[in-house]
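Structural characterization, general
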Amino acid sequence: MSAKAGAKIFKQRCDQCHTVEAGGKHKTGPNLNGLIGSKTGQKAGFAYTDANKSKGITWTPETLDIYLTNPKKYIPGTKMVFAGLKKKKDRDDLIAYLVKSTK
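Nothing here was measured: the structure is a model prediction, and the numbers come from that model.

**Concerning the layout of surface pockets**
In this structure, the largest pocket occupies an estimated 660 Å³ of space. Of all the elements in the fold, those that place two or more residues in the lining of the largest pocket are helix H1 (3-13), helix H3 (61-69) and helix H5 (88-101). For the lining of the largest pocket, the element with the most residues is H3, which contributes three residues. Its residues assigned to classes, the lining of the largest pocket comprises 17 nonpolar, 14 polar and four charged.

**Regarding the pattern of salt bridges**
Two side chains of opposite charge can pair, provided their charged atoms sit close to one another. Evaluated as defined, the whole model comprises five salt bridges. The shortest N-O distance in the salt bridge between Asp50 and Lys53 comes to 3.8 Å. Note that Asp50 and Lys53 are positioned in helix H2 (residues 50-55) at a spacing of three residues, about one turn of the helix. Asp92 is paired through a salt bridge with Lys88; the nearest N and O atoms lie 3.0 Å apart. One end of the pair is Asp92 and the other is Lys88, both in helix H5 and four residues apart, which spans about a single turn. A relative accessible area of 43% means that Lys88 is categorised as partly exposed. Within the structure, one salt-bridge network assembled from shared partners comprises Asp65, Lys88, Arg91 and Asp92.

Basis of the calculations
- Residues numbered from 1 in each chain as written.
- Predicted model: local features only at pLDDT ≥ 70, side-chain atom pairs only at ≥ 80, totals over all residues.
- Heavy atoms only, no water.
- 1 Å grid on protein atoms, 1.4 Å probe; cavity = no way out; pocket = protein on both sides within 12 Å on 5 of 7 lines; lining within 4 Å.
- Points joined across faces, edges and corners; volume = space filled by probe spheres on them.
- Helix = DSSP H or I, 4+ residues; strand = E, 2+ residues; numbered from the N terminus.
- Nonpolar A, V, L, I, M, F, W, Y, C, P; charged D, E, K, R; others polar.
- Salt bridge = Lys/Arg side-chain N within 4 Å of Asp/Glu carboxyl O.
- Buried < 20%, exposed > 50% of the residue type's maximum accessible area, 1.4 Å probe, protein only.

Now the structure itself:
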C-alpha cells in the first residue's frame with residue numbers, strides 16, 4: 001500500500017467531488033475529513049441520499065474496500081456517480097491515502 005500512489009489516484013478520480021482537509025468544503029460529494037470511524041451519511045451540512053443515511057455502517061479500510069469496488073452495488077440509491085476501482089492495488093493505495101489524509 002502506498003499513500004503516495006493513493007494521492008495520485010485521489011487527484012485523478014476523487015478530487016473533483018471531495019476534499020480531505022479539516023474544515024474543507026463540501027463539493028458534489030462531502031468533505032472526507034474524519035472519514036475513518038464515521039458512519040455513512042452523517043457529515044453535517046451535506047445533503048445525503050436516504051440510502052447513505054440509512055446504510056448504517058462505519059467506514060473502515062475494509063468497508064471502504066467493498067464500497068470503492070462498486071459504490072452503487074454497496075449502497076443502492078447513492079448519488080455518487082463514481083463507477084469504482086476494479087484493481088485491488090488501486091483501492092489499497094487510495095485507502096492508505098484516505099487513512100493518512102483524513103485524520
